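Spelled out from the first residue to the last, the chains are:
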Amino acid sequence: MKTYSTKQIKNIALLGNSGAGKTTLVEAMLFEGGVIDRRGDVDHKNTVSDFNQIEHENQTSMYSSVMYTECNDSKINILDVPGADDFVGGTVSSLHVADTGVILINAQNGVEVGTEIHSRWLEKLNKPAVIAVNKCDHDQANFDKAFESIKDSFGGDAVLAQYPVNAGPGFDSIVDIILFKMLKYTKDGGKPEITDIPDAEMERAEELRNELIEKAAENDEALMELFFENDGLTEEEMRSGITAGVIARGMFPIFCLSAKNNQGVGRFMEFLTNVAPSADELEAVKTTEGTEVKCDESGPTSVFVFKTSVESHIGEINFFKVMSGTLKEGDDLMNNTTRNKERLSQIFAPLGKNRTKVTSLAAGDIGCTVKMKNTKTNHSLSDPSVSHVFDKVPFPEPKFRTAIKPVSEGDEEKLGEALTRINQEDPTVDVEYSKELKQIILSGQGEYHLNIVKWHLDHEFKVETQFLAPKIPYRETITKAAQSDYRHKKQSGGAGQFGEVHMIIEPYSEGSEPKAMFKLNGKEYKMANRGVDTHNLSWGGKLEFVNCIVGGSIDARFLPAILKGIMEKLEEGPLTGSYARDIRVYVYDGKMHPVDSNEISFMLAGRNAFSQAFKVAGPKIMEPVYEVEVLVPADYMGDVMSDLQGRRAIVQGMASEKGFEKITAKVPLAEMNKYSTALSSLTSGRAMYSMKFDEYAQVPGEIQDELLKAYAAEQEEE
Ligand SMILES: Nc1nc2c(ncn2[C@@H]2O[C@H](COP(=O)(O)OP(=O)(O)OP(=O)(O)O)[C@@H](O)[C@H]2O)c(=O)[nH]1
Ligand SMILES: [Mg+2]
């Protein structure tokens, strides 16, 4: 294959709800571009894009895949993504490097929840988009209704560039507003016969042309003037206006297709090559340090790796976008993320599970390579003369968690290795061995997502596993001040042990200052503050240690031992054995023995004094609370709200957003178990949500009692 220059390269991500026909459209695009000579079919499990066994079994895409096709002396890199939100990782990484999103809409259903989710991502990443209504041949196709739903969702910026004359089983003709012609196809599609627009369609076509021209001119003042001067625009002028409109996200032109019958596909590709922006037409990408990197093929080479996959027989394949310069086979680049050198001895244009060897790739192009030593998703590489590091793919936070363990005990290590590999290929799968919970916690985007992970473990890694209910990482803290003293004394032959510690503990909160005086149980305690140490605890929260020793009652050299004793107790809170946090300790008095005092004695005295004080300081269990955002169609609002209330949610706000109601609430993690499944069945899959950790909050009294009972029972069992 020849090396295409930056201007000849268009990177598109195919987006839209599951079943819209993205993978089918890829087949038609590759066929039209002469890259394949026979179109495969999702139902026959022989498409270029869906090449994984699990995708064949489910007849749906689960991973993003990258292909190229050629048309009009241009190269179109196609990123086909899964429509199901469980596999959103592949969508986000693809969108990160795409320059235009093509939103495919099923003419049967119009805008669906997957369409909404993908358009929100496009908006978030500020990427231009065009819309294509597919399945115009389907007997249930209803183009006008689909168009209405597009208008509801995208507003007046969605304008028709084409419409089908006869959507439905006999579909064969499209009126093309830009060409101002009619395209007529045979049953097998391919090249259309181009005819004049028939009289019966003329009025509608002229009206739409005016709308399109007005919209195209809206984003370009000079064009607007031309439009008024000449009472219209030429095709060439219209194209530049549409490009400007698309780049500014001020315009979403709509096309129509039958991907299955290869109707409208060639013309759509031609449009993409003429009008979709190339990478250098978009705002220059900035490095994490804020340096602008021009997408210029003559600049220093830099690439960004957006995807890593592992293929049997080949090993790791890294997919990248050339961010600047021209990458040549054999180039030595510096991995600026890991600071090791990499040689890209062979470079390829990816084509599903295959690839075509190339000698160079210009800025803006997408390629892949094999046999890199230590390079993975999200790494930036460059010519050593620059050290660009690009922003990472903004993968969403996990929202579904489960505990996982191997069925046979000897498989722990194998499971660990397999999960590490899975995480490298799909960064939205999170694995954590929690020492605290004594569980391996697997998190992902939904139950379906994690079930597919389990399938890979079973079938590819041959580790049989089971899912268990995940434990909640509770915390313990105190709610009031308490005093205690403890003397540790041991005198049994040989060297003795002696240490005595007096302390007061109180709740710590951010910004609060140590007190100078306490009145507890009718007694006054003066605190002479001689130094404060604030420790950030690795499990969150703080411990503040205030040295109030006067008159040398305890030697300064024993203070670290006292602190160590307290820390030990913090790691295993007295209520449920969970980590404790947010406590201030004042050590204000004590006693030493001239011979027997040593570190061990003070560690034990400190630990026991702290434990005693903790128990009378109004100890409370805290639980992690997440900020949850739910987007739900208005009809389901009531059901979703009452479900949330049943989950102890505290609703923070409600707002309407593009036909959806947005609920923001704080919900305890303990109540979010299997929420993705519950929400989906409550709303027939019409809602979406995200969640992120917010804070630790005290659990209500009755739940604390339950947890204490459960812990006591657990202790008895052991
Ligand atoms: N009638 C008709 N069927 C189509 C058309 N395009 C795709 N299909 C069928 O629709 C089904 C789904 O197509 P896919 O290409 O897998 O859809 P997708 O958008 O890739 O779906 P996901 O991978 O699940 O996101 C398959 O059975 C296709 O054969 C079309 O233009 N007309
Ligand atoms: Mg697909």
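Preceding block: the structure.
Conventions we followed
Residues numbered from 1 in each chain as written. Chains lettered and ligands numbered in written order. Predicted model: local features only at pLDDT ≥ 70, side-chain atom pairs only at ≥ 80, totals over all residues. Heavy atoms only, no water. Pairing = 2+ DSSP bridges. Helix = DSSP H or I, 4+ residues; strand = E, 2+ residues; numbered from the N terminus. Axes fitted to C-alpha atoms, helices over the stretch in contact; angles between N-to-C directions. Contact = heavy atoms within 4.5 Å. Buried < 20%, exposed > 50% of the residue type's maximum accessible area, 1.4 Å probe, protein only. 1 Å grid on protein atoms, 1.4 Å probe; cavity = no way out; pocket = protein on both sides within 12 Å on 5 of 7 lines; lining within 4 Å. Points joined across faces, edges and corners; volume = space filled by probe spheres on them. Phe/Tyr/Trp six-rings, centres within 6.5 Å; stacked < 30°, edge-to-face > 60°. Lys NZ or Arg CZ within 6 Å of the ring centre and 35° of its normal. Donors = N, O, S within 2.8 Å, 3.2 Å for Na, K, Ca; no water. Salt bridge = Lys/Arg side-chain N within 4 Å of Asp/Glu carboxyl O. Near = heavy atom within 4 Å. Polar contact = N/O pair within 3.5 Å; in protein donor to acceptor, adjacent residues only side chain to side chain. Areas by Shrake-Rupley, 256 points an atom, 1.4 Å probe, with all protein chains shown as cover. Nonpolar A, V, L, I, M, F, W, Y, C, P; charged D, E, K, R; others polar. Parallel < 35°, antiparallel > 145°, perpendicular 65-115°, else oblique. Arc of directions from axis to C-beta.

**Thoughts on the sheet that holds strand β9 (residues 181-184)**
Here is step 1 of the chain: Taken together, the 4 strands give an open sheet; going across it, the order is β7-β8-β9-β10, and neighbouring strands pair in antiparallel fashion. The open sheet terminates on both sides in strands that have one partner only, identified here as β7 (162-164) and β10 (193-195). Here the average twist between neighbouring strands, direction ignored, is 25°.
Here is step 2 of the chain: Across 4 bridges, the pairing between strand β8 (residues 173-176) and β9 is antiparallel. Bridge pairing links Ser173 to Lys184 in β9.
Here is step 3 of the chain: Strand contacts of helix α6 (residues 199-218): β7 and β8, with the helix running at about 150° to β7, the strand carrying the most contacts.

**Details of the environment of Leu457**
Here is step 1 of the chain: Here Leu457 lies in helix α11 (residues 447-459).
Here is step 2 of the chain: Judged by its relative accessible area of 0%, Leu457 is buried.
Here is step 3 of the chain: Residues in contact with Leu457, not counting those within four places in the same chain, are Ile404, Leu415, Ala418, Leu419, Ile422, Lys462, Val463 and Thr465.

**A closer look at empty space enclosed by the protein**
Here is step 1 of the chain: Inspection of every chain in the model, using the stated rule, returns 3 cavities of 30 Å³ or more.
Here is step 2 of the chain: Quantified by volume, the largest cavity comes out at close to 50 Å³.
Here is step 3 of the chain: Around the largest cavity, the lining residues are Phe51, Ser309, Glu311, Ile317, Phe319, Gly352, Lys353, Asn354, Arg355 and Cys368.
Here is step 4 of the chain: Only β14 (302-311), β15 (315-324) and β20 (354-358) provide two or more residues apiece to the lining of the largest cavity.

**Description of the side chain of Ser553**
Here is step 1 of the chain: Here Ser553 is to be found in the loop between β34 (542-547) and α12 (559-570).
Here is step 2 of the chain: For Ser553, a relative accessible area of 15% gives the class buried.
Here is step 3 of the chain: Setting aside its immediate chain neighbours within four residues, Ser553 contacts Asp589, Gly590, Lys591 and Met592.

**Some details on the packing of aromatic side chains**
Here is step 1 of the chain: For the coordinates displayed, the defined rule picks out 13 aromatic pairs.
Here is step 2 of the chain: Cluster of aromatic residues (ring-pair linked, three or more members): Phe255, Phe268 and Phe271.
Here is step 3 of the chain: Across from the ring centre of Phe319, 5.6 Å away, lies the NZ or CZ of Lys307, which sits over that ring.
Here is step 4 of the chain: Here the guanidinium or amino end of Lys399 rests over the ring plane of Tyr689, the centre of that ring lying 4.8 Å away.

**Focus: the coordination of the magnesium ion (ligand 2)**
Here is step 1 of the chain: Donor atoms from the polypeptide that coordinate the magnesium ion (ligand 2) comprise Thr23 (OG1) and Ser61 (OG), at 2.0 Å from the metal. Residue Thr23 is found in helix α1 (residues 22-32), and its partner Ser61 is found in the loop between α2 (53-58) and β2 (65-71); the two are separated by 38 residues along the sequence.

**Topic: the pattern of salt bridges**
Here is step 1 of the chain: If you walk through the whole model with that rule in mind, you get 37 salt bridges.
Here is step 2 of the chain: For Lys260, the salt bridge goes to Asp43, with nearest N and O atoms at 3.8 Å. Taken as a pair, Lys260 in the loop between β11 (252-256) and α9 (265-275) and Asp43 in the loop between α1 and α2 lie far apart in primary sequence, 217 residues in all.
Here is step 3 of the chain: Among the ionic pairs, Lys399 bridges to Asp85, the shortest N-O distance being 3.4 Å. Residue Lys399 is found in the loop between β23 (380-382) and β24 (400-406), and its partner Asp85 is found in the loop between β3 (74-80) and α3 (88-97); the two are separated by 314 residues along the sequence.
Here is step 4 of the chain: Of the residues examined, Lys399 reaches a relative accessible area of 10% and is grouped as buried.
Here is step 5 of the chain: On the basis of relative accessibility, which here comes to 23%, the residue Asp85 falls in the partly exposed class.

**Describing the side chain of Ser443**
Here is step 1 of the chain: With respect to the secondary-structure elements, Ser443 resides in strand β26 (residues 439-444).
Here is step 2 of the chain: The class of Ser443 is buried, set by a relative accessible area of 11%.
Here is step 3 of the chain: Here Ser443 is in contact with Pro398, Phe400, Arg401, Thr428, Val429, Asp430 and Leu450, once residues within four sequence places are set aside.

**Topic: unusual backbone geometry**
Here is step 1 of the chain: Its identity as a non-glycine residue notwithstanding, Lys438 has a phi of 55°, on the positive side.
Here is step 2 of the chain: Here Lys438 lies in the loop between β25 (430-434) and β26.

**Examining the site of ligand 1**
Here is step 1 of the chain: Not every one of the 21 residues close to ligand 1 is listed here, only the nearest: Ser18, Thr24, Thr60, Ser61 and Gly83.
Here is step 2 of the chain: Contact distances for ligand 1 include 2.4 Å between an oxygen atom and a side-chain N or O atom of Thr60.
Here is step 3 of the chain: Between ligand 1 and Ser61 there is a distance of 2.7 Å, counted from an oxygen atom to a side-chain nitrogen or oxygen.
Here is step 4 of the chain: Relative to its unbound accessible area of 640 Å², ligand 1 is 90% covered by the protein chains.
Here is step 5 of the chain: For the shell around ligand 1, the leading source of residues is α1, giving 3 residues.
Here is step 6 of the chain: By residue class, the composition of the shell around ligand 1 is 4 nonpolar, 12 polar and 5 charged.

**Thoughts on the packing of α1 against α9**
Here is step 1 of the chain: Across the interface, α1 lies against α9 with an axial gap of 9 Å and an inter-helix angle of 80°. Relative to α9, the element α1 is oriented roughly perpendicular. Residues Leu25, Ala28, Met29 and Glu32 of α1 form the contact with α9, whose participating residues are Val265, Gly266, Met269 and Leu272.
Here is step 2 of the chain: Residue classes in the contact of α1 with α9 are distributed as 6 nonpolar, 1 polar and 1 charged.

**What to know about helix α15 (residues 675-682)**
Here is step 1 of the chain: Of all the residues in α15, the buried ones are Tyr675, Ser676 and Leu679. The arc that holds every buried residue of α15, seen down its axis, measures 100°, which confines them to one face.
Here is step 2 of the chain: Packing partners of the buried residues in α15 comprise β24, α11, β37 (620-633), α14 (637-645) and β40 (688-698).
Here is step 3 of the chain: Directly after α15, the chain includes Ser684, whose backbone phi takes a positive value near 50°.

**Thoughts on the sheet that holds strand β27 (residues 465-468)**
Here is step 1 of the chain: If you walk across this open sheet you meet the 4 strands as β25-β26-β24-β27, and the pairing is antiparallel. Unpaired on one side and paired on the other, β25 and β27 mark the two borders of the sheet. Averaged over neighbouring strand pairs, the angle between their axes works out to 35° when direction is ignored.
Here is step 2 of the chain: Examined bridge by bridge, β25 and β26 share 5 bridges and lie antiparallel to one another. Paired with Asp430 across the two strands is Ser443, which belongs to β26.
Here is step 3 of the chain: On the sheet, α11 packs against β24, β26 and β27 and is oriented at approximately 155° with respect to β27.

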